[in-house]
Amino acid sequence: SVESRMQEVLSPTPEGEYVGSAIVQEVFNIGKTGNIAGSKCLDGIIKKGSNVRVLRGDKILIESTVKTLRNFKAEVDQIETGDECGIGLLDYENFEPGDTIESFVVR
C-alpha cells in the first residue's frame, strides 16, 4: 500500500507525517539570497513555510523551513510531483546535487 511505502521512505526522525520530497539537481548562487537548490519534486507536495529535512544519503544534515519556493521566475506557494523548482531554506545553503529535501508536517 502507499502508506506502508511512505513509512519505508520516511526517515526515522523527526516526529512528523511525510508530505513529499524533492531531489537537488543543481545549486544556484543568487547574490544576497545565497544558494538555492534547483530541485525536482519526486512525490507529494512541498509548500512554502513547511518543515523540511535535508538528507545526503541516509544522513539527516539539517531540519529547516522552506523560506522561498520558485517555479521558474514566479514565487509559488507549493510545488507538486514532477515540478521543477528553486528551494531556499531558512539558515541553510550547503546543498549538493543528489541531496534529498523531505517535507513533513509535525503532528
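Before reading on, note that the structure itself is shown above.
Residues numbered from 1 in each chain as written. Predicted model: local features only at pLDDT ≥ 70, side-chain atom pairs only at ≥ 80, totals over all residues. Heavy atoms only, no water.

Novice: Tell me about the pairing of strand β4 (residues 59–71), residues and numbers included.
Specialist: Note: strand β3 (residues 51–56) against β4, six bridges, orientation antiparallel. Residue pairing across strands places R53 opposite E63, the latter belonging to β4. Hairpin remark: β3 followed by β4, antiparallel, with two residues in the connecting loop; positive phi at G57, about 70 degrees. Bridge analysis of β4 against strand β7 (residues 84–89) gives four bridges, and the strand direction is antiparallel. Directly across from T68, in β7, lies its bridge partner G88. Connecting β4 to the antiparallel partner strand β5 (residues 74–75) that follows it, the hairpin turn spans two residues, and F72 within it adopts a positive phi of roughly 55 degrees. (Pairing = 2+ DSSP bridges. Helix = DSSP H or I, 4+ residues; strand = E, 2+ residues; numbered from the N terminus.)

Novice: I'd like to hear about the pairing of strand β1 (residues 17–30), residue by residue, with values.
Specialist: Bridging between β1 and strand β8 (residues 100–105) involves six bridges; their strand directions are antiparallel. Its bridge partner lying in β8, Y18 is registered against F104. In this antiparallel pair of consecutive strands, β1 and strand β2 (residues 34–47), the connection spans three residues, and G31 shows a positive phi of 40 degrees.

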